[in-house]
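Coordinate inspection notes
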Amino acid sequence: MDDLTLEELKHLRELNRTVDDLLEESLKHRESVEKAFNRLFPPVMHLIGARGMCVTTLDEELVSTTFSHGEFDGVFPGTLLTGSRWGVRKLESGHTFVSQQLDVVGTPVGSIGILYEGDRTSDAAKLARALETIAEELDTVLASIQTAAEKHQLLVTINTYLANRVFEVGMDGAVRALCEKVKLPGFLLLYRDAVESGALHYRMYKYGQLEHASNGRRFTTLEDAIRAYGPNLITPSDKHLAQVLGERKAVETVLISGVGDSHALGKIMVWSGGDGFSAYTIDLLRLLASTLSQRLIDYNRERIHLSQFFSSQAIDELLKDPDYERRYLAPRAEEVGILFADINGFTRICEQVLERPERIGKFVDDWSAESVRILHRHGGVFDKMVGDCVIGLFGPPFFKDSPGNRAVAAIKAAAEIQAFTRDTMSAHPEISRLSEILKMPGLGVAIGVNLAVSFCGLFGPNRNYTSFSTGMNQTARLQSLGAFRETLVMKEAWEAASPLKDPALAKYTIGSLDETPVKNVAQPLRYYRLNGI
């Protein structure tokens, strides 16, 4: 090996400074890889007296590309670097080619070659040192570009997965994509239920594969912690989750609803086999957490919208299908059970007891909230509330059961609303006081139940789930005929329900068939009074 002379040392320092300045200038202007090489190659080739210069590396799209400048006698420069033995060698053309691999801490990021005029193999050591000087500056820059490109590509992949309308499927794909880049022995997502206050859901992965889930194979220890600590588990300061998992080398990331917003949507916990995590891995986890926070916001917004009408069980079922809006919520004509429930004497209660608007609102909220829960327990859908009247539908959104079963569900829900209003709401202190003053036996509701073909689905700019039909109008009129604590069941509904011999209906009896003409309804209403509630 030739001795390094002072002249050569000065030359190498100048070469190092030139390459460094050119690369820094390129980074400052945020140039593409191709433009950076167009800036770099000519002055460097002039400085070292080269005929041609080439680099094979990954571009911004992570595609292997050869960049070159100068004369290569019609030979594609990339072929000189492909499978080449590194070092100095004389080509068939008589020119000299010097090449080496570009790497950072043993990780290859490309290869570089320089073509010199004529046979320069006698200067092999000098040529190799010049190439090494260029490579020292270049490989670090290329590594940073490729790392940034990998992160960007992974973020795009994660976003694509998380865009799946089925949140769980998208989440599983995003974690798999992450684990293809970095080794993650354990990954846990714990997140808040947007509908059921205080409820938490989780998905736990082992090397990217789903191992436990709140809606699948349960993790008993975590289930116990959720029952014990509830939503506190996802707050930034809480350490119980780490204790539950018993992992020392763990990283927690709290998912929040926005910048500067302390409202926790969930928490990610990732643990290793004891070696900790690289800065690269931590960076990828932050990217996933940022994207996942926005996806949870959208997911929660979707659940909250659906919760205006459907039970949590129905929402879970809907959201398993990415095409649920078209399959289940698009307007369609079906025979549905219909329930209208209205508080008896509500105007008098407001005037003589509640008086102030905020007290009226609180009373209606308490009564309607439980009434809607009763609808949901019996498989019903909350259509809307008109004043103090709750409207429910039975059959939507899946229409799996028979019309008779829909009528049975509506009657059972009516009976439970009657019992709740009579026994629980009548015990309200102010209602009890009114009952004493007016000599009335407490609170009651008038309910109408029907079974009729109706046009059900999402309607209007707010995409509300509702129903339109003559049967809806008939049920409204039927309910208005109901006296104190009366449940009136349309003839069609009772005749569809009674043959099913549901045990819950056995304790009820019906009166004689009544027939009442009502305004704006062509045919008289034919109905039974339900007794025994």
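Everything quoted here is computed from the prediction, not taken from an experiment.

Parameters at a glance
- Residues numbered from 1 in each chain as written.
- Predicted model: local features only at pLDDT ≥ 70, side-chain atom pairs only at ≥ 80, totals over all residues.
- Heavy atoms only, no water.
- Axes fitted to C-alpha atoms, helices over the stretch in contact; angles between N-to-C directions.
- Helix = DSSP H or I, 4+ residues; strand = E, 2+ residues; numbered from the N terminus.
- Parallel < 35°, antiparallel > 145°, perpendicular 65-115°, else oblique.
- Contact = heavy atoms within 4.5 Å.
- Phe/Tyr/Trp six-rings, centres within 6.5 Å; stacked < 30°, edge-to-face > 60°.
- Buried < 20%, exposed > 50% of the residue type's maximum accessible area, 1.4 Å probe, protein only.
- Salt bridge = Lys/Arg side-chain N within 4 Å of Asp/Glu carboxyl O.
- Pairing = 2+ DSSP bridges.
- pLDDT = per-residue confidence, 0-100.
- 1 Å grid on protein atoms, 1.4 Å probe; cavity = no way out; pocket = protein on both sides within 12 Å on 5 of 7 lines; lining within 4 Å.
- Points joined across faces, edges and corners; volume = space filled by probe spheres on them.
- Nonpolar A, V, L, I, M, F, W, Y, C, P; charged D, E, K, R; others polar.
- Core = buried A, V, L, I, M, F, W, Y, C linked by side-chain atoms within 4.5 Å.
- Expected span 1.5 Å × (residues − 1).
- Polar contact = N/O pair within 3.5 Å; in protein donor to acceptor, adjacent residues only side chain to side chain.

All right, on to the packing of helix α5 (residues 167-181) against helix α8 (residues 279-307) then. Where α5 meets α8, the closest approach of the two axes is 12 Å, and the angle between their N-to-C directions is 175°. Taken as axis vectors, α5 and α8 run roughly antiparallel relative to one another. Of the residues in α8, those in contact with Phe 167, Glu 168, Met 171, Ala 174, Leu 178 and Lys 181 of α5 are Leu 284, Leu 285, Leu 288, Leu 292, Arg 295, Leu 296 and Tyr 299.

We now examine the environment of His 376. Within the secondary structure, His 376 is located in helix α12 (residues 357-377). The sequence separation of His 376 and Leu 393 amounts to 17 residues, and the corresponding C-alpha distance is 9.9 Å. When near neighbours in sequence (up to four residues on either side) are disregarded, His 376 contacts Phe 309, Phe 310, Ser 311 and Phe 382.

Turning to the packing of aromatic side chains, a few remarks are in order. The relative placement of two aromatic rings is captured by the distance of their centres and the angle of their planes. In this structure the tally under the stated criterion is 10 aromatic pairs. With centroids separated by 5.2 Å and ring planes inclined at 35°, the aromatic side chains of Phe 37 and Phe 67 adopt a geometry described as tilted. One end of the pair, Phe 37, is in helix α2 (residues 33-48); the other, Phe 67, is in strand β2 (residues 64-70), with 30 residues separating them in the sequence. One exposure class covers both Phe 37 and Phe 67, and it is buried.

Next up on the list: the pattern of salt bridges. Pairs may arise between side chains of opposite charge once their charged atoms sit close together. Following the criterion strictly, the structure yields 32 salt bridges and no others. Residues Glu 25 and Lys 28 are paired through a salt bridge, measuring 3.4 Å at the closest nitrogen-oxygen approach. Of this pair, Glu 25 and Lys 28 both sit in helix α1 (residues 6-28), 3 residues apart, which is roughly one turn of that helix. Residue classification places Glu 25 among the partly exposed residues on the basis of a relative accessible area of 27%. Take Lys 28: its relative accessible area is 59%, and that puts it in the exposed class.

What follows is about the pairing of strand β16 (residues 487-490). Two faces, one strand: in a regular strand the side chains alternate between the faces of the sheet. Burial of β16 is two-sided: the residues Thr 487 and Val 489 facing one way and the residues Leu 488 and Met 490 facing the other way are all buried. Relative to β16, strand β14 (residues 445-459) runs parallel, the two sharing 3 bridges. Counterpart to Val 449 in the pairing with β16 is Val 489. Taken together, the 3 bridges between β16 and strand β19 (residues 525-531) define a ladder with antiparallel strand orientation. Along β19, the bridge assignment pairs Val 489 with Tyr 528.

Further remarks concern the confidence of the model for the protein. Taken over all residues, the pLDDT of the protein has a mean of 88, while the share at 70 or more is 92%. For the protein, per-element mean pLDDT is lowest for helix α11 (residues 346-354), which scores 58, and highest for β16, which scores 97.

There is about 380 Å³ of room inside the largest pocket. Along its surface, the largest pocket is lined by 20 residues, and Glu 168, His 201, Ser 214, Asn 215 and Asp 316 are the ones closest to its centre. Element by element, the count of residues in the lining of the largest pocket is highest for strand β7 (residues 200-206), at 4 residues. Looking at the lining of the largest pocket residue by residue, the classes come out as 9 nonpolar, 3 polar and 8 charged.

With an omega of 0°, the peptide bond running from Pro 396 to Pro 397 counts as cis. Mapped onto the secondary structure, Pro 397 falls in the loop between β13 (389-394) and α13 (403-423). Of note in the backbone geometry, Phe 399 takes a positive phi value of approximately 55° without being a glycine. Along the chain, Phe 399 turns up in the loop between β13 and α13. Overall, Phe 399 belongs to the buried group, its relative accessible area being 10%.

What follows deals with the nonpolar core. Among the nonpolar cores identified, the biggest contains 52 residues, and Leu 178, Phe 187, Leu 189, Phe 310, Leu 329 and Tyr 465 are the most heavily contacted of them. The greatest single-element share of this core, amounting to 9 residues, is contributed by α8. Sequence-distant contacts of Phe 187, that is, excluding residues within four places in its chain, are made with Met 171, Val 175, Leu 178, Arg 203, Met 204, Tyr 205, Ile 268, Met 269, Val 270, Trp 271, Leu 285 and Leu 288. Ala 407, Ile 411, Phe 420 and Val 445 belong to the second-largest nonpolar core, a separate cluster that totals 36 residues.

Per the counting criterion, the structure on display carries 1 cavity of 30 Å³ or more. Approximately 30 Å³ is the volume attributed to the largest cavity. Taken together, Val 251, Thr 253, Ile 268, Val 270, Leu 285 and Ala 289 make up the full set of residues lining the largest cavity. Elements represented by at least two residues in the lining of the largest cavity include exactly β9 (250-256), β10 (264-271) and α8. When grouped by side-chain class, the residues that make up the lining of the largest cavity number 5 nonpolar, 1 polar and no charged.

Strand-to-strand pairing in sheets goes through backbone hydrogen bonds, with the strands running parallel or antiparallel. As summarised here, the arrangement of the 5 strands in space is β2-β1-β5-β4-β3, forming an open sheet in which the pairing is antiparallel. Across the chains shown, the open sheet's two edge strands, defined by having one partner strand only, are β2 and β3 (87-90). Direction aside, the axes of adjacent strands within the sheet are offset by 15° on average. Looking at chain direction, β3 and strand β4 (residues 96-104) are connected through 4 bridges and run antiparallel. Each residue of the ladder has a partner; that of Gly 87, found in β4, is Ser 99. Along the sheet, α2 contacts β1 (52-58), β2 and β5 (107-116); its crossing angle with β2, the most-contacted strand, is approximately 40°. Docked against the sheet, helix α4 (residues 124-162) engages β1, β3, β4 and β5, running at close to 35° with respect to β4.

Next up on the list: α1. Over its 23 residues, α1 runs 33 Å from end to end, which matches the ideal 33 Å to within 8%, given 1.5 Å per residue. Of all the positions in α1, only Glu 8, Leu 12, Leu 15, Val 19, Leu 22, Leu 23 and Ser 26 are classed as buried. Considering only its buried residues, α1 is in contact with α2 and α4.

Our focus in this paragraph is the side chain of Asp 321. With respect to the element layout, Asp 321 can be found in the loop between α9 (312-318) and α10 (324-329). Reaching out from Asp 321, the side chain makes a polar contact with the side chain of Arg 327 at a distance of 2.7 Å. With near-sequence residues (within four places) excluded, Asp 321 lies in contact with Val 166, Arg 327 and Tyr 328.

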